[in-house]
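So you can see what is in the structure, the chains are spelled out below.
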Amino acid sequence: MEKKERLPVYYSEYLQLDKILEAQFPESGKEGLKADDEMLFIIIHQTYELWFKQILHELDIIREIFRQPNIPNNSPDIYNSVHRIKRVSRILDVAVMQMSVLETMTPLDFLDFRDLLRPASGFQSIQFKMIEAALGLGYDQRHGKAYYLSQLNEKDIARVKKAESDESLIVLINRWLERMPFCKEKRYWQENDGSEYWKQYRQAYANSLSETEQANLKLFDTLFMGEGGYPEGRRFSADANKSALFIMVYRDYPLLHLPYELVSSLLEIDELLSMWRHRHIHMVQRTIGKRVGTGGSTGAEYLRGAADSHYIFKELAELTSFLMPRNAVPKLPEQLVKDLGYN
Ligand code: HEM
């Protein structure tokens, strides 16, 4: 076959630098005002938006993987997803650290141009809202429902709504956990469906609780002992909860290494997003104190509410309450132990 001639790639054309580097237009400059830090303000926000774009790209690939009706154990898919979720975490590390660059801008420096920005605000970052939605923050879980779309134009409202209507990672992960065969397949549990195992686990767990922890047993029953389906107000079903706890308890078995990494990396995403939110709140308080945001919310108060309630995978994080020392958990059937190892 004849080799196709390719034109040489030129660095600045490949990266479209003429567009990116010509995309900073300080409002102060347009009005002939001197506000030297507005350039930093623009570049920081643009940098964040580029990272948000990369995060959305990774989340799209991960969701594509989990949309499959089945993910065979011997496919590269789970490894690929874990790898990409970890990449999202490293990007979030940078996003958190980057705040310190903006913090070199003092409140007075910001006041030089702040009023010129109204009503623009990071609150209008569509990509940030899309990331939240792609992970699983739906309308029902939102803090500030009354105004989270109020500052957006029609096109952007449609983009956020579309992102909210797509299947999110939390929905797909729940489904993947529900499919996990180990807690329910007949060939492992012979005459029963695994429910005997969970009764034993419950008993061992009850024995491990102190008097002040007795309420945990009630929560255990709600989350694991119901007749399948979803415990009230929960986004992970009883079957998914069982699988997730099973993964956490038996993570030492080879077949569960990657599922455990996956669950842990989802918790890490929540943790890092929370770190970003808190870092942002500190910066906001330092920069504008108790004044309302340019985006029309109650400012730091709104942000604190969002930081407290926007953990996406909090139900998975909560499952650690039901862990016990390795020597206290019930023994698994022999065939299951065999299947969880390298054979
Ligand atoms: C001087 C710097 C900054 C100040 C004073 C500030 C202030 C605020 C305030 C007050 C809000 C609440 C909404 C409103 O505007 O009423 C907000 C939201 C937000 N800001 Fe900033 N911000 C700053 C920098 C940044 C940067 C660099 C980013 C990076 C993209 C960012 C992203 C966001 C996002 C995504 C939200 C929505 C958060 C949520 O809904 O949970 N902000 N900001």
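What counts and how
- Residues numbered from 1 in each chain as written.
- Predicted model: local features only at pLDDT ≥ 70, side-chain atom pairs only at ≥ 80, totals over all residues.
- Heavy atoms only, no water.
- Donors = N, O, S within 2.8 Å, 3.2 Å for Na, K, Ca; no water.
- Helix = DSSP H or I, 4+ residues; strand = E, 2+ residues; numbered from the N terminus.
- Contact = heavy atoms within 4.5 Å.
- Salt bridge = Lys/Arg side-chain N within 4 Å of Asp/Glu carboxyl O.
- Buried < 20%, exposed > 50% of the residue type's maximum accessible area, 1.4 Å probe, protein only.
- Axes fitted to C-alpha atoms, helices over the stretch in contact; angles between N-to-C directions.
- Parallel < 35°, antiparallel > 145°, perpendicular 65-115°, else oblique.
- Nonpolar A, V, L, I, M, F, W, Y, C, P; charged D, E, K, R; others polar.
- Phe/Tyr/Trp six-rings, centres within 6.5 Å; stacked < 30°, edge-to-face > 60°.

Peer 1: Summarise the coordination of the iron atom of the ligand; cite the residues concerned and give the values.
Peer 2: You will see that the iron atom of the ligand has only one donor from the protein, His280 (NE2), lying 2.2 Å away. With respect to the helices and strands, His280 occurs in helix H14 (residues 257-288).

Peer 1: A description of the side chain of Ser237 should follow, citing residues and the corresponding values.
Peer 2: By secondary structure assignment, the location of Ser237 is in the loop between helix H12 (215-224) and helix H13 (238-249). Contacts of Ser237, omitting those with residues within four sequence positions, involve Asn174, Glu178, Gly229, Tyr230 and Pro231.

Peer 1: Tell me about the pattern of salt bridges, residues and numbers included.
Peer 2: Scanning the model with the defined rule gives 23 salt bridges in all. Linking Glu58 and Arg87 is a salt bridge whose minimum nitrogen-to-oxygen distance equals 2.9 Å. Taken together, the positions of Glu58 in helix H4 (residues 38-66) and Arg87 in helix H5 (residues 77-102) put the pair 29 residues apart, joining distant regions of the chain. Relative accessible area serves as the criterion here: at 0%, Glu58 is assigned to the buried category. The partner of Arg187 in a salt bridge is Glu185, and the shortest N-O contact between them spans 2.7 Å. Linked by salt bridges that have partners in common, Glu132, Arg142, Glu164 and Arg277 make up one network.

Peer 1: An account of the packing of H14 against helix H15 (residues 300-309) is needed here, citing residue identities and associated values.
Peer 2: For any two helices packed against each other, one specifies the crossing angle of their axes together with the interaxial distance. Orientation of H14 relative to H15, taken along the N-to-C sense of each, is 170°, at an axis distance of 10 Å. On the basis of their axis angle, the class for H14 and H15 is roughly antiparallel. Contact residues: H14 offers Arg277, His278, His280, Ile281, Val284 and Gln285, while H15 offers Ala300, Leu303, Arg304, Ala306 and Ala307. Per-class residue counts for the contact of H14 with H15 are six nonpolar, three polar and two charged.

Peer 1: Describe the packing of aromatic side chains, and please don't skip the residues or the numbers.
Peer 2: Within this structure, the stated rule accounts for 27 aromatic pairs. An angle of 35° between the planes, with centres 6.0 Å apart, marks the rings of Tyr48 and Phe52 as tilted. Placement of both Tyr48 and Phe52 in helix H4 is noted, with a separation of four residues, approximately one turn of the helix. Residue Tyr48 shares its accessibility class with Phe52, and that shared class is buried. Considering the side-chain rings of Phe246 and Tyr250, the 4.7 Å spacing of their centres and the 50° angle between planes classify their relative orientation as tilted. Just as Phe246 is buried, Tyr250 falls in that class too.

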